[in-house]
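# Tertiary structure, described
This is what each chain is made of:
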Amino acid sequence: MESRLDQINKLRREKLERLRERGINPYPPHYHRSHTTQEAVALLKRNEEGLTKEEVVSVAGRIMAIRRMGKSSFLDIRDGSGQIQLYCQRDTLSEDSLELLKDIDIGDIIGAQGKSFRTKRGEPSIEVTHLTLLAKSLQPLPEKWHGLSDTDTRYRQRYLDLIANTETKKIFTTRSQIITAIRQFLDQRGFLEVETPVLQASAGGALAQPFITHHHALNRDFYLRIALELYLKRLIVGGFDKVYEMGRIFRNEGISTKHNPEFTMLETYEAYADYNDVMAMLEEMIYHLALQVSGSDTVKFGDNTISFKPPWQRVEVRQSIIDYAGIDFEQYPDADSLRARMLELNIEADPEKDRGRLIDELLSTSVEPHLLQPTLLLHHPVDMSPLAKKTSQNPHLVERFEAFAGGMEFANAFTELNDPIEQRQRFTTQQQNRGAKGDTTTIDKDFLLALEHGMPPTGGLGVGIDRLVMLLSGQTSIRQVILFPQLREKVPE
């Protein structure tokens, strides 16, 4: 027995054949539109104010609703700018358009030409004289196109989500505006945007599991980059004083509301700066973005209102873990002792993780959820910061901060380690600690060679663009701000 969807598809294909039989191309290569729907609305307003006399317009868009009333039909069409109503009356439509009107459906994309006017109810409309079919839709829109709510469908078939939910389009418009504003902010401060390799011979710049691919011509494995850092710092060595890159990062790790295997990262590096300079720049940039996107330094995030107005709260990492987990990590100099203390307090402690990752786990599980307002966590242990310079006050800590808001990390920064001998030692220690536990680790020897040529004191910053967009647009899942998120394979019903 045919399903309702099969019946609808069959009817639409029959209409498609009828159109072809009448010599109508249901997928023409071009249509000239004189105005977007919102430009047509704006033109109508100028006509009403006596500023212009241009009445005839050509618009195009997807049919979102059809209302047939005797000799008249009302069609709502939507394009990238908005929506407008088409008024199709038998007395004013061309003969070809009258025939076409019989075979169009919700979801079809059409062009319409006619005079703009306002109905008695004040609805901006176009009195159509000619219709053109631009694309016949063979699949119906979701039954409740005005509010597609099934999240799995929304993520797997994002095009339906964009058609059905104007709020979704607004989120991704906001994302684009944020990215543009970041570039403008950095460009005005004298930063140079650059591009670095996605395929890298060494997986470095972060503590993460990489994706591995094979290059057939070179007959060797490469890693999809897990960070932008090491190549950007090569450019600082080469004499570029301020550089940044915004690009895709790949980490072969978990999927959650805060994690996607591929995500967008901004990294900036500024010569002759340290983490204090980067702190000030980050606060100014995020405050500027909030004002630009929402017109206010406050945004609604879940049940909370977040204010990005500087200065942000500053808290020592050590003190935050003492406050929220009851553990002073300085009393536990190795992984085994720290792990034992965590287990005493019924805190999960992975037996495969080293001390740095255990401390990071304490931050993620015990501290992070409490940091709703913008907070800078300062001075991480050396164990978890192999690329950062030590503080002058405590050789076990580094000049680093992580930025949190809405209960999640969205930025990480430090004064870059530029001592090539110490950097080599840290890489070697890191590889020894992780290699025994099955992690993929490599030492980027060319980066170490670059450091040996001398890198000036440098402040580096990494910002997770997806999480930043979440914060500034009030979304609580990373899948809501990535157009095509990675999803688990759908199990057949």
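Residues numbered from 1 in each chain as written. Predicted model: local features only at pLDDT ≥ 70, side-chain atom pairs only at ≥ 80, totals over all residues. Heavy atoms only, no water.

## Points about the packing of aromatic side chains
This is how the line gets drawn: For Phe, Tyr and Trp, where Trp contributes only its six-membered ring, two rings pair if their centres lie within 6.5 Å, and the inter-plane angle classes them as stacked under 30 degrees, edge-to-face over 60, or tilted in between. Distance and angle both matter: a charge sits over a ring if NZ of Lys or CZ of Arg is within 6 Å of the ring centre and within 35 degrees of the ring normal.
If you walk through the whole model with that rule in mind, you get five aromatic pairs. Through a chain of ring-to-ring contacts, the aromatic side chains of Phe 74, Tyr 87 and Phe 117 assemble into a single cluster. The cationic tip of Arg 234 hangs over the ring face of Tyr 231; the distance from NZ or CZ to the ring centre is 4.2 Å.

## Quick word on the nonpolar core
Under the convention used in this document: Put simply, buried Ala, Val, Leu, Ile, Met, Phe, Trp, Tyr and Cys residues joined by side-chain atoms within 4.5 Å make one nonpolar core. For every residue, the accessible area (1.4 Å probe, protein chains only) is compared with the maximum for its type, and the residue is labelled buried under 20%, exposed over 50%, or partly exposed between those bounds. Note on definitions: a residue-residue contact is assigned when non-hydrogen atoms from the two residues lie within 4.5 Å.
Formed by 45 residues in total, the largest nonpolar core has its most connected members in Ile 182, Leu 282 and Phe 308. In this view, Ile 182 contacts Met 246, Leu 266, Met 285, Leu 289, Ile 465 and Leu 468; residues no more than four positions away in its chain are not counted. Val 315, Val 317, Ile 321 and Leu 371 belong to the second largest nonpolar core, which has 22 residues in total.

## Some words on the packing of helix α10 (residues 335-344) against helix α11 (residues 355-367)
Operational definition: The convention used is that axes are lines fitted to C-alpha atoms, helices contributing only their stretch in contact, and that angles between N-to-C directions extend from 0 to 180 degrees. Counting from the N terminus, the helices are the DSSP runs of H or I reaching at least four residues and the strands are the DSSP runs of E reaching at least two. With respect to orientation, any angle under 35 degrees is reported as roughly parallel, any angle over 145 as roughly antiparallel, any angle of 65 to 115 as roughly perpendicular, and every other angle as oblique. Definitions for this section: a left-handed crossing has its near helix turned counterclockwise from the far helix by less than a right angle. A right-handed crossing has that turn clockwise. Ten residue types, Ala, Val, Leu, Ile, Met, Phe, Trp, Tyr, Cys and Pro, are classed as nonpolar, four, Asp, Glu, Lys and Arg, as charged, and the remainder, Gly among them, as polar.
As a packed pair, α10 and α11 sit with axes 9 Å apart at the nearest point and diverge in direction by 30°. Our classification of the angle between α10 and α11 gives roughly parallel. α11 is crossed by α10, and the crossing has left-handed handedness. Contacts from Ala 335, Leu 338, Arg 339 and Met 342 in α10 reach Arg 355, Leu 358, Ile 359 and Leu 362 in α11. Residues of the contact of α10 with α11, tallied by class, amount to six nonpolar, no polar and two charged.

## Some points on the sheet that holds strand β7 (residues 199-200)
Pairing between the strands of a sheet is mediated by backbone hydrogen bonds and can be parallel or antiparallel. Quick note on the threshold: Think of it this way: DSSP has to see at least two bridges between two strands before they count as a pair.
Read across the sheet, three strands follow the order β7-β9-β8 without closing on themselves; strand pairing throughout is antiparallel. The open sheet has two edge strands with one neighbour each: β7 and β8 (212-215). The pairing of β7 with strand β9 (residues 220-224) spans two bridges and is classified as antiparallel. Counted as the bridge partner of Leu 199 is Leu 224 from β9.

## Observations regarding the environment of Pro 420
Mapped onto the elements of the fold, Pro 420 is located in helix α12 (residues 420-435). Sequence-wise, Pro 420 and Pro 369 are 51 residues apart; in three dimensions their C-alpha atoms are separated by 37 Å. In this structure, Pro 420 is in contact with Leu 448, Leu 451 and Glu 452, ignoring residues within four places of it in sequence.

## A word on the packing of helix α9 (residues 317-325) against α11
Relative to each other, α9 and α11 sit at 55°, their axes nearing to 10 Å. Relative to α11, α9 is oriented oblique. The interaxial crossing formed by α9 with α11 has left-handed handedness. Counted together, Val 317, Ser 320, Ile 321, Tyr 324 and Ala 325 of α9 and Ile 359, Leu 362, Leu 363, Ser 366 and Val 367 of α11 form the full contact between these two elements.

## Describing helix α3 (residues 95-102)
Basically, it comes down to this: To be clear, the arc concerns the directions from the helix axis to the C-beta atoms.
Turning to α3, its buried residues number three or more, namely Ser 97, Leu 100 and Leu 101. Projection of α3 onto a plane perpendicular to its axis shows the buried side chains occupying an angular sector of 105°, all on one side. The exposed residues of α3 that point more than 90 degrees off its buried face are Glu 95, Asp 96 and Lys 102. In this structure, the buried residues of α3 make contact with α1 (4-21), β1 (56-69), β2 (72-78), β3 (83-89) and β5 (124-135).

## A closer look at the side chain of Thr 391
Structurally, Thr 391 is set in the loop between β15 (375-378) and β16 (400-405). You can call Thr 391 buried: its relative accessible area is 9%.

## Here we look at the pairing of β16
Counting buried residues in β16 gives six out of six residues, a clear majority hidden from the surface. Side chains of β16 alternate between two faces, with Arg 400, Glu 402 and Phe 404 and Phe 401, Ala 403 and Ala 405 buried alike. Taken together, the four bridges between β15 and β16 define a ladder with antiparallel strand orientation. Its bridge partner lying in β16, Leu 378 is registered against Phe 401. Judged from the six bridges that link them, β16 and strand β17 (residues 408-415) form a sheet pairing that is antiparallel. Opposite Ala 405, over in β17, you have Met 408 as the bridge partner. Here β16 folds back onto β17, and the loop between the two strands holds two residues, one of which, Gly 406, carries a positive phi near 60°.

## Some thoughts on the pairing of strand β4 (residues 109-118)
As paired elements, β1 and β4 share seven bridges and run antiparallel to each other. Within the sheet, the bridge partner assigned to Ser 58 lies in β4 and is Gln 113. Relative to β5, β4 is paired through 10 bridges, and the arrangement is antiparallel. By the bridge assignment, Arg 118 is partnered in β5 with Pro 124. In this antiparallel pair of consecutive strands, β4 and β5, the connection spans five residues, and Gly 122 shows a positive phi of 85°.

## Re the sheet that holds β2
Read around the barrel, five strands follow the order β1-β2-β3-β5-β4 and close on themselves; strand pairing throughout is mixed. Within the sheet, the average angular offset between the axes of one strand and its neighbour, ignoring direction, is 55°.

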